[in-house]
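# Structural characterization, general
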Amino acid sequence: MRDEEDPPQKSDFVPKRKSKSSIWDYFGYKKEDVDQNEVLCMECHKVVATKHGNTTNLSDHLKRHHKALYDEYKAKSGCQPKQTNICDAFASVTPYQKGSQRQKEITDAITFHIAKDMLPLNTVAKEGFKKMIRTLDRRYVIPSRTYFSQVAIKELYEKCKSKIEAELSHVEYYATTTDLWSSRTTEPYMSLTVHFITEDFELKSRCLQTAFFPESHTAENIAEALREAVSAWGLDETRQVCITTDNAANMVKAADLNKWTRLQCFGHRLHLAIENAVKKDGRIDRAIGVCKKLVSHFSHSWKASDALAKVQKELSLPSHCLISECQTRWGSRQMMISRILEQQQALTQVLSADKKLRHLIPTWQDIDVLESVSKSLGPMLDFTDALSGDEYVSVSFVKPVLQLFNTSLLEMREEDTDLTKNIKKKMLDYLNEKYEDDDTQKLLDMASFLDPRFKMDFISADKKTQVKATVASQMMECQEKSSCSTDVEPNVTSATQAKKAKKSLGSFFKQRETEAKGDSSLTLKDALEAELNTYLLTPPIDKEEDPLAWWKVHKLSFPHLARLARKYLCIPATSSPSERLFSTSGNIVTCQRTCLKPAKVDRLVFLAKNLE
């Protein structure tokens with residue numbers, strides 16, 4: 001028999017009858033207390049006053065006297081209220097039905113997010129993404145990755161494609177750009193973009209394809225592929241004004257085979273002009289080599305970079321890093337040279353502190369060469385980027401820019417060094433030679449003439465009469481095409497014939513005017529000539545204003561010229577829009593997504609560029 005002085009054990013207590021709370025794992029009653037009136041703590045054996053069914057005093061007792069047991073109790077109970085609110089209870093047990101509107105809306109939004117932001121499809125299977133979706137809407141059940149890959153993306157592509165096909169069906173004139181590219185997996189692709197101006201004078205660009213092109217890159221194969229791509233989208237080749245490409249021989253020949261008017265990419269041509277001006281010059285090669293070694297050293301040594309940053313602060317120089325050169329971007333070489341010249345003093349001070357690195361310090365001859373090159377190329381750094389946009393008119397700027405090169409930026413000056421003069425001369429000779437082609441000049445003259453900022457300002461005096469005659473001729477052609485397409489008598493039903501309205505007084509004049517159109521050709525010619533002369537007499541707008549905004553306001557005053565403006569001002573001056581497709585493709589075909597099939601790459605690039 002147990003000694004009465006020994007403390008009671010847990011087995012000596014009985015739990016509360018019909019209790020569900022886990023708090024009663026720590027409290028109980030003596031076996032003799034049949035009515036269960038006196039609650040005892042099983043740990044300290046103290047009596048805890050509590051009302052019938054109320055456990056607040058019990059948890060407070062654990063919290064004050066038995067912290068470890070209190071934490072155990074809280075963890076066991078989960079700190080969750082027994083009764084949830086109506087919204088939480090409904091959300092936790094009733095997911096959206098698969099065909100419900102809300103389920104479809106969220107799924108479509110996720111699909112748009114994946115396609116537009118170029119995310120991998122396995123995003124929907126990641127825990128972080130799932131938790132975010134559950135937090136936003138607990139009733140939504142996210143579909144599997146396979147669903148998005150095989151169903152959702154395909155449906156979004158078909159929807160976007162149908163929208164663009166409908167948009168292109170109303171296009172009167174259009175221009176295109178194209179280029180070739182190889183992915184990370186060395187798979188060859190050919191891009192095609194279309195550019196056009198709507199009736200409301202909005203310039204739009206649409207990505208049509210980034211198609212797998214495994215055939216040999218001959219001019220014949222490229223020409224056939226381009227024709228098939230244009231035909232697949234229901235575009236009439238006769239309505240294509242121009243195709244802008246780089247200067248690769250196969251691209252040039254492909255345009256000739258298709259008998260398409262071609263405009264050479266201004267950015268590519270300027271790059272070649274600069275390469276031609278600086279090549280085969282030992283002084284420039286040496287100076288550029290020194291720059292590359294400097295950039296390489298400071299890019300691969302964090303100690304050198306840290307020392308350069310400290311010296312920059314001491315000398316109050318901008319805290320700029322050195323810039324590496326990209327072989328396919330001439331502007332990167334110019335930026336590298338400019339940055340070296342800007343940080344020359346800081347670079348010299350850092351390199352002088354280490355005998356092993358002093359050979360990297362540019363000599364005064366190198367600095368003279370770099371300054372001469374920078375003076376020649378620096379002013380043109382912004383032109384390539386400015387003419388590479390596809391959201392504003394650019395083709396009409398080509399001729400003004402070429403004249404600006406000849407009369408100002410590349411003009412010989414007395415203070416120029418012999419090297420600077422030589423670079424300027426080579427660049428001017430190259431550009432003037434490449435742009436003296438008659439077809440190119442006619443295209444650029446028309447674009448410049450139809451831009452209300454320039455008109456005849458940059459057209460040579462001996463060509464003004466010819467350009468004006470060409471514009472008048474094309475205005476007449478547009479009018480004739482419009483007459484042929486609209487000269488169809490409306491069908492008159494018998495019910496309409498039976499209900500003949502009483503003629504008004506104005507109808508007699510209208511009938512007289514119709515009868516007087518026997519000699520309409522002369523009247524039309526005079527009207528077109530008057531429209532052309534009035535356009536030339538209107539003052540040019542400011543060079544920074546939007547020409548399309550001007551045409552939107554004046555299209556009713558100059559209806560025939562407005563059609564020509566939509567025809568020529570949609571041409572891009574560079575092939576950058578197609579090159580941007582390859583940048584987008586590079587963000588899609590990443591190192592983690594190299595197994596994407598070409599058809600899916602085409603679809604994802606299409607969506608990333610065209611979704612709005």
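Heads up: the structure comes first, above all this text.
Structure report, in brief.

Conventions we followed
Residues numbered from 1 in each chain as written. Predicted model: local features only at pLDDT ≥ 70, side-chain atom pairs only at ≥ 80, totals over all residues. Heavy atoms only, no water. Helix = DSSP H or I, 4+ residues; strand = E, 2+ residues; numbered from the N terminus. Buried < 20%, exposed > 50% of the residue type's maximum accessible area, 1.4 Å probe, protein only. Contact = heavy atoms within 4.5 Å. Areas by Shrake-Rupley, 256 points an atom, 1.4 Å probe, with all protein chains shown as cover. Core = buried A, V, L, I, M, F, W, Y, C linked by side-chain atoms within 4.5 Å. Axes fitted to C-alpha atoms, helices over the stretch in contact; angles between N-to-C directions. Left-handed = near helix turned anticlockwise from the far one by under 90°. Nonpolar A, V, L, I, M, F, W, Y, C, P; charged D, E, K, R; others polar. Pairing = 2+ DSSP bridges. Expected span 1.5 Å × (residues − 1). Arc of directions from axis to C-beta. Polar contact = N/O pair within 3.5 Å; in protein donor to acceptor, adjacent residues only side chain to side chain. Salt bridge = Lys/Arg side-chain N within 4 Å of Asp/Glu carboxyl O. Patch = residues over 30% accessible without salt bridge, like charges linked within 9 Å, V, L, I, M, F, W, Y side chains within 5 Å. Lys, Arg positive; Asp, Glu negative; His and termini not counted. Charge placed at Lys NZ, Arg CZ, Asp CG, Glu CD. Phe/Tyr/Trp six-rings, centres within 6.5 Å; stacked < 30°, edge-to-face > 60°.

## A few points about the overall build of the protein
Summing up its helical and strand segments, the protein has 26 helices and 9 strands in all. For the protein, the proportion of its 612 residues judged to be buried stands at 42%. Of all intrachain contacts in the protein linking residues separated by at least 6 positions in sequence, the fraction that spans at least 24 positions is 67%. Of the accessible surface of the protein, which amounts to about 35200 Å², a share of 52% is contributed by carbon and sulfur atoms.

## Side note on the nonpolar core
With 85 residues, the main nonpolar core has Phe405, Phe449, Trp551 and Leu561 as its most contacted residues. Per element, the largest residue contribution to this core is 8 residues, and it comes from helix 10 (residues 282–300). The residues touching Phe405, leaving out its near neighbours within four places in the chain, are Phe266, Leu270, Met380, Phe383, Leu410, Glu411, Leu428 and Leu431. Formed by 54 residues, the second largest nonpolar core is a distinct cluster that contains Ile106, Met190, Ala255 and Val601.

## Quick notes on the packing of helix 14 (residues 364–377) against helix 17 (residues 418–434)
Helix 17 packs onto helix 14 with a crossing angle of 35° between their chain directions and a minimal axis gap of 8 Å. Like other packed secondary-structure pairs, helix 14 and helix 17 cross with a definite hand, here right-handed. On helix 17, the residues touching Val369, Ser372, Val373, Ser376 and Leu377 of helix 14 are Leu419, Thr420, Ile423, Lys424 and Met427. Of the residues in the contact of helix 14 with helix 17, the class split is 6 nonpolar, 3 polar and 1 charged.

## Points about the sheet that holds strand 5 (residues 174–182)
Note on sheets: strands pair through backbone hydrogen bonds, and any given pair is parallel or antiparallel. Ordered by their spatial adjacency, 5 strands build an open sheet running 7-6-5-8-9, and the pairing between neighbours is mixed. Two strands close off the open sheet at either side, each with one partner strand: strand 7 (203–212) and strand 9 (262–264). Direction aside, the axes of adjacent strands within the sheet are offset by 25° on average. Here strand 8 (residues 240–245) pairs with strand 9 via 3 bridges, running parallel. Residue pairing in the sheet places Ile243 in a bridge with Arg262 of strand 9. Against the sheet, helix 8 (residues 249–257) touches strand 5, strand 8 and strand 9, its axis set at about 145° to strand 5.

## Digging into the environment of Thr55
Checked against the element boundaries, Thr55 lands in the loop between strand 4 (47–48) and helix 1 (56–65). Remark: the alpha-carbon pair of Thr55 and Ile23, spanning 32 residues in sequence, is separated by 7.4 Å. Apart from the residues lying within four places of it in its own chain, the contact partners of Thr55 are Ile23 and Trp24.

## Observations regarding helix 10
Compared with the 27 Å implied by 1.5 Å per residue over 19 residues, the 27 Å span of helix 10 between its first and last C-alpha is a close match. Where helix 10 is concerned, the buried positions are Ile284, Ala287, Ile288, Val290, Cys291, Leu294, Val295 and Phe298. Seen from one end, helix 10 has its buried residues packed into an arc of 150°, which puts them on one side. With respect to the buried face of helix 10, the exposed residues turned more than 90 degrees away are Gly282, Lys293 and His300. For helix 10, the side-chain oxygen to backbone nitrogen distance between the N-cap and Arg283 is 3.1 Å, and the N-cap itself is Asp281.

## Overview of the pattern of salt bridges
Applying the stated rule across the entire model yields 23 salt bridges. The shortest N-O distance in the salt bridge between Glu172 and Arg563 comes to 2.2 Å. Separated by 391 residues along the polypeptide, Glu172 in the loop between helix 6 (145–168) and strand 5 and Arg563 in helix 24 (residues 559–568) bring together distant segments of the chain. Its salt-bridge partner being Asp416, residue Lys375 comes within 3.2 Å of it at the nearest N-O pair. Here Asp416 lies in the loop between helix 16 (398–409) and helix 17 and Lys375 lies in helix 14, a separation of 41 residues in the sequence.

## Notes on the sheet that holds strand 4
What the 4 strands build is an open sheet, ordered 1-2-3-4; its pairing is antiparallel. Of all strands in the sheet, those with a lone pairing partner are strand 1 (13–14) and strand 4, marking the two edges.

## Overview of unusual backbone geometry
Leave glycine aside and you will find that most residues have negative phi; peptide bonds, for their part, are mostly trans. Phi at Met118 is positive, roughly 55°, even though this residue is not glycine. You can see Met118 is positioned in the loop between helix 4 (101–116) and helix 5 (127–136). For Met118, a relative accessible area of 24% corresponds to the partly exposed category. Phi angles above zero are rare outside glycine, and Lys259 is one such case at about 60°.

## Quick notes on a negative patch on the surface
The grouping of Glu433, Glu436, Asp437, Asp438 and Asp439 at the surface amounts to a negative patch. Within the fold, Glu433 resides in helix 17.

## Comments concerning the packing of aromatic side chains
Enumeration over the complete set of coordinates arrives at 20 aromatic pairs. Geometrically, the ring pair formed by Tyr535 and Phe558 is edge-to-face, given 5.8 Å between the ring centres and 75° between the ring planes. With a gap of 23 residues between them, Tyr535 in helix 22 (residues 520–537) and Phe558 in the loop between helix 23 (547–554) and helix 24 connect regions that are remote in the sequence. What makes Tyr535 buried here is its relative accessible area of 0%.

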